[in-house]
Amino acid sequence: MSFDVAAPSDRHGPIGEPVVDEVTGLLTDPTTPVSAPAATTEQLDRLWDDKPGLWGRLTAVQNDAVGRRMMLTGFFFLLLGGSVDSVVMRLQLARPDSEIVGPQLYNELFTNHGSVTMFLVILPIFEGFAILTLPMLLGSREMPFPRLGAFAYWTFLMGGLLYYSSTLFSAVPDVGWFAYTPLSGPQFSPDLNVDFWVLGLGVAEIGAIAGAVEIIIAVLKLRAPGMTLARLPLYAWAMLITAFMILFAFTPLIVGSLLLELERGFGMHFFTPGAGGSSLLWQHLFWIFGHPEVYIQFLPATGIVSMVLPVMVRRRIAGYSWMVAAMIGIGFLSFGLWAHHMFTVGLPAIVLAFFAAASMVIAIPAGVQFFSWIATIWDGQVRWTTPMLFVFGFMITFVIGGITGVMVAAVPFDQQAHDSYFVVGHLHYVLIGGVAFPIFAGVYYWYPKFTGRMMSERLGRWNFWLLFVGVHVTFFPMHIVGLLGMPRRIYTYPEDAGWGLWNLISSLGLLLILPGIGLFVLNVWWSRKHGQRAGANPWGADSLEWALPSPPPQQGWTRLPIVHSRHPLWDQDELHRGDDRHEQLAHALGRWPLKWRAVLVVGTGNGEPEEVFRVANTSIWPFVTALGTVGIFASELLKLRLGALLGAAIVIGSVVMWNRPSPPLMTEEEELAFERDHGVPVRASGSLVVARWGMALAILFVSIAFGSFLLSYFYLRLENPVWPPAGVARPGLGIAAVVVVLFAAAAGAVGAGRRGILAGDRARLVRGLAIGSACAVAAVALLAVDLASADFGPGDHAYGSIFHTLGAFTIVLASVAVVMSVSTLVYAVRGHYSARRFSPVDNVARFWAATGVIAAISITVLYGAPYLTS
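Residues numbered from 1 in each chain as written. Predicted model: local features only at pLDDT ≥ 70, side-chain atom pairs only at ≥ 80, totals over all residues. Heavy atoms only, no water.

*Asks:* Is there a simple way to explain the overall build of the chain in this structure?
*Replies:* Each helix and strand counted, the chain has 26 helices and five strands in total. Expected size for 870 residues packed as a compact globule is a radius of gyration near 29 Å; at 28 Å, the chain falls within 12% of this value. Its C-alpha atoms give the chain principal-axis dimensions of about 85 × 85 × 50 Å. In the chain, which comprises 870 residues, the share counted as buried stands at 61%. Of the contacts made within the chain by residues no fewer than 6 positions apart, 81% connect residues no fewer than 24 positions apart. (Helix = DSSP H or I, 4+ residues; strand = E, 2+ residues; numbered from the N terminus. Rg over C-alpha atoms; globule rule 2.2 N^0.38 Å. Buried < 20%, exposed > 50% of the residue type's maximum accessible area, 1.4 Å probe, protein only. Contact = heavy atoms within 4.5 Å.)

*Asks:* What's the story with the sheet that holds strand β4 (residues 609–614) in this structure? I'm lost.
*Replies:* One key point about sheets: their strands pair by backbone hydrogen bonds, in either a parallel or an antiparallel sense. Spatial ordering of the open sheet is given by β3-β4-β5, a layout of three strands whose pairing is mixed. For this open sheet the edge positions go to β3 (598–602) and β5 (682–683), each flanked by a neighbour on one side alone. The sheet contact formed by β3 and β4 spans five bridges and is antiparallel. Residue pairing across strands places V602 opposite P609, the latter belonging to β4. Across the sheet, helix α18 (residues 580–589) is in contact with β3 and β4; its angle to β4 comes to roughly 10 degrees. Sheet contacts for helix α22 (residues 689–719): β3 and β4; angle to β4, the most-contacted strand, approximately 90 degrees. (Pairing = 2+ DSSP bridges. Axes fitted to C-alpha atoms, helices over the stretch in contact; angles between N-to-C directions.)

*Asks:* What's the story with the pairing of β3 in this structure? I'm lost.
*Replies:* The side chains of a regular strand alternate, residue by residue, between the two faces of the sheet. Of all five residues in β3, five are buried; the element is thus mostly enclosed. Residues A598, L600 and V602 point to one face of β3 and V599 and V601 to the other, with burial holding for every one of them. The turn joining β3 and β4, which pair antiparallel and follow one another in sequence, is formed by six residues; a positive phi near 70 degrees is taken by G607.

*Asks:* I keep staring at a nonpolar patch on the surface and nothing clicks. Help me out?
*Replies:* Together, L168, F169, L638 and L640 make up an exposed nonpolar region whose accessible area comes to about 430 Å². Mapped onto the fold, F169 is located in the loop between α5 (146–164) and α6 (193–221). Judged by relative accessible area, which is 43%, F169 ranks as partly exposed. (Patch = residues over 30% accessible without salt bridge, like charges linked within 9 Å, V, L, I, M, F, W, Y side chains within 5 Å. Areas by Shrake-Rupley, 256 points an atom, 1.4 Å probe, with all protein chains shown as cover. Salt bridge = Lys/Arg side-chain N within 4 Å of Asp/Glu carboxyl O.)

*Asks:* Hey, could you run me through the nonpolar core in this one?
*Replies:* Among soluble globular proteins, nonpolar side chains are generally buried collectively. Within the largest apolar cluster, 275 residues are counted, with the highest numbers of intra-cluster contacts made by F129, L134 and W848. Apart from residues lying up to four places away in sequence, L134 is in contact with M143, I215, V219, Y235 and A236. (Core = buried A, V, L, I, M, F, W, Y, C linked by side-chain atoms within 4.5 Å.)

*Asks:* What is the right way to look at empty space enclosed by the protein in this model?
*Replies:* Which parts of space are left empty comes out when a probe the size of a water molecule is rolled across the atoms. Under the definition given, this model contains six cavities of 30 Å³ or more. Estimated volume of the largest cavity: approximately 890 Å³. Forming the boundary of the largest cavity are 42 residues, of which G82, H113, T117, H428 and F475 lie nearest the centre. Elements that contribute at least two residues to the lining of the largest cavity include exactly α3 (63–93), α4 (103–138), α14 (421–451), α15 (457–483) and α16 (500–530). (1 Å grid on protein atoms, 1.4 Å probe; cavity = no way out; pocket = protein on both sides within 12 Å on 5 of 7 lines; lining within 4 Å. Points joined across faces, edges and corners; volume = space filled by probe spheres on them.)

*Asks:* Looking at this structure, I do not really get the layout of surface pockets. What am I missing?
*Replies:* Put simply, the second largest pocket is a space of about 860 Å³. Along the walls of the second largest pocket sit 37 residues, with H291, H340, G405, V408 and H426 positioned nearest its centre. Elements with a minimum of two residues in the lining of the second largest pocket: α8 (279–313), α11 (363–378), α12 (386–409) and α14. Broken down by element, the lining of the second largest pocket gets its largest block of residues, eight residues, from α12. Here the residues of the lining of the second largest pocket are counted per class, giving 20 nonpolar, 13 polar and four charged. (Nonpolar A, V, L, I, M, F, W, Y, C, P; charged D, E, K, R; others polar.)

*Asks:* Explanation requested: the pattern of salt bridges in the structure shown.
*Replies:* Opposite charge on two side chains makes pairing possible when the charged atoms of those side chains draw close. The full count for this structure, using the stated rule, is 18 salt bridges. In this structure, the salt-bridge partner of R264 is D195, at a minimum N-O distance of 3.0 Å. Of this pair, R264 sits in helix α7 (residues 234–266) while D195 is found in helix α6, placing the two residues 69 residues apart along the sequence. By relative accessible area, D195 is classed as buried at 3%.

*Asks:* Any chance you could explain α18 here in plain terms?
*Replies:* An α-helical segment advances 3.6 residues per turn. Residues three or four places apart therefore align on the same side. Those residues of α18 that fall on the buried side of the exposure criterion are H582, E583, L585, A586, A588 and L589. In the core, the buried residues of α18 are packed alongside β3, β4 and α21 (668–678).

*Asks:* Help me understand the packing of aromatic side chains, please; the structure alone is not making it clear to me.
*Replies:* A ring pair, where both rings are aromatic, is described by two values, the distance of the centres and the angle of the planes. Applying the stated criterion to the full structure yields 66 aromatic pairs. Residues Y295 and F298 carry aromatic rings whose centres are separated by 6.4 Å and whose planes lie at 85 degrees to one another, so their mutual orientation is edge-to-face. Here F298 and Y295 lie together in helix α8, a separation of three residues that amounts to about one turn. There is no split in this pair, since Y295 and F298 are both buried. Ring plane angle 70 degrees and centroid distance 5.1 Å describe the contact between W338 and F355, whose orientation is recorded as edge-to-face. With a gap of 17 residues between them, W338 in the loop between α9 (320–333) and α10 (349–361) and F355 in helix α10 connect regions that are remote in the sequence. (Phe/Tyr/Trp six-rings, centres within 6.5 Å; stacked < 30°, edge-to-face > 60°.)

*Asks:* Is there a simple way to think about the packing of α15 against α16 in this case?
*Replies:* For any two helices packed against each other, the geometry comes down to the angle between their axes and how far apart the axes lie. Running from amino to carboxyl end, α15 crosses α16 at an angle of 155 degrees, the nearest separation of the two axes being 7 Å. Between α15 and α16, the crossing angle belongs to the class labelled roughly antiparallel. Of the two possible hands of crossing, α15 and α16 adopt the one that is left-handed. Of the residues that constitute the contact of α15 with α16, the class distribution is 21 nonpolar, nine polar and no charged. (Parallel < 35°, antiparallel > 145°, perpendicular 65-115°, else oblique. Left-handed = near helix turned anticlockwise from the far one by under 90°.)

*Asks:* Whenever I open this one, a negative patch on the surface confuses me. Can you help?
*Replies:* A cluster of like negative charges, contributed by D97, E99, E495 and D496, occupies part of the molecular surface. Counting through the fold element by element, D496 comes out in the loop between α15 and α16. (Lys, Arg positive; Asp, Glu negative; His and termini not counted. Charge placed at Lys NZ, Arg CZ, Asp CG, Glu CD.)

*Asks:* How do you make sense of the side chain of T302 when you look at a structure like this?
*Replies:* With respect to the element layout, T302 can be found in helix α8. The buried category is assigned to T302, whose relative accessible area is 0%. Beyond its immediate chain neighbours, meaning those up to four positions away, T302 contacts M327, Q369 and W373.

What follows is the structure, encoded as structure tokens:
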């Protein structure tokens, strides 16, 4: 088979026309797809296709269905919260002393605008992009946990709907997208407004973390043979780093939101200074999420730009390694900037200096990326397609936003500009220039691949210029009016303030943005049926997805590609040529199996085949689990505690059913036969490698949450010179020692059971799980009784609040481990596990090891820390 896409060349023709390969001298056609064995393509297409009808929509798990839904739902929330709210706000501010809306409605509008944009629009769109494109981009067939991806979508959708249902109760959130305490506390916001914000968006945050787990494992383990980390597309690098950032950023926010809801709904005192709490604790927990969130949105955008730009200038990206290092650097540095938003709260000068320096230093890796793009353009020949126009708009707009970002990194300037419209202008330049323009570029770039049609270039150019001009007309004057002293979040202003002209210009700019968005929607709709037909590779691109037909089959790759280059479609004459082992394996997987969905796992660094496993098929349980999850949050919203317990029961039951062992579709002997022929283990009952990665990330999530609780504990300890407060006895150490020993015994017993099944001893496995579960139940019971019998309650003081909360976290974590153990025990008794098929046992043992360590640390802090203070 001859290679079908031209290498980059100065002698290229129009998009989609044959071009001369400057390396081989051959005339090649960039629109011809890589062929696949026709006999099995239809069978695989049926195997991988989701079911039709309403039931099919509820049970769908395919990455294309999940990814498209997330993107479309994100765009819907954008039109609802990002457009309508902004129109009303700009009309209100267009003239001084305007009375279109009152102060209360204006508070609700800007709260909704910020919250929806930050939580329900940008991140879901990027996660949808990743879930949709990564399997084809990486040369794989599917994401690692399709059901988890479906759960991520349903929680995102239901969380957004729960948040928006506040309008039905006339309780729209009105405390800003940051919900600062004490304004968001029970004293100043006693109604349901803040509860809708905390609980509705909390469901969506769970979905974001679930999507991040999918993305991490997909990039690290589900790639084509030969695709090493050094050959990974930059977009995949960007999404990998972003997904890790989501885990580290969203988890503290979930913990902070939990503490806020406990204060509001249960009378605890984490943020109440009069009871030993601190309102600044909320700011720390929120901005540990909030500032990385900007880069969580920026990095996927840079990944899209790094895919589109080299194709449109026909040159490989300049400084690939530097680009990867810059993205990693941004990921790390972004977590050292959160107090950048707290320069005016009275932090010590040394702390201000550190965060100011970090805020400036992060401009260095961002600058490396820009110089890489400029060098790539410099050495190429630009084709001014619509995707490239949006890349051009991104570069100009984000540079302006980045410059103003460095300005507010300087403490003296920030103290003057803080909470002014200068910051509003800066934020929108960063988010629209750095995020929205690359999203448009990505849609125009990948739309032909998933629809088989090109979007209209004429409409696309009008779309770009209206948005580009409108953005600068709307948001640049905000910098000026901010320097003139206009504070943000005010609903009107007097005529003699001198702000009227600049606000009028900003409002007129919105009249350009709205038709620009409308043209985009029109272009997407019109091109779906009337756009010019696209071949496999209408852009002459270099990455793997463009070797598939447009639109691709359900399974994506029938025969897996073999990668030898960062630019396989520019550098390889054959996508299916490699060493004999890789060729034979790729050929075999193109024909077998045809009864279950098979996906290849490769080594993290070297891209060598490690495992063939059965990926999950359609299921209703992700949808039911999401219903149970939103039921817990909705019940707490309405203070229906029995409803919350019912929701928890639904979640537990659904997760058990979701993960129950599937009937084996092949015997262990058939698995071994394939292994002997190809040297790669086959796991028809589920992956061992992917499951271990999934459990590792679950443990990481729990550890970050635990770390956030510890941060809260010690922060409150430092805020209180007497700990525990006067009159409160220190906890007894005897019960603590017994609980720690029982947790350690539980972890040890389950670990012994795992070793037993590896040796083929099922009885030892059953004993280990049974003993471990019994020890854990005893530990949970003792800890719960001790907490309940304490001479102080969770509502008495901040000490009691954090003591009972951290203890309850330990109980809940151990209870989850018990449920896992008992469920595994049931299937062990039925003989489901063997020395080859033991992945659930392996996961339970690893989770129990982590639970034992976390419980020991938690008990030590709760019962031992008070003895270390005077």
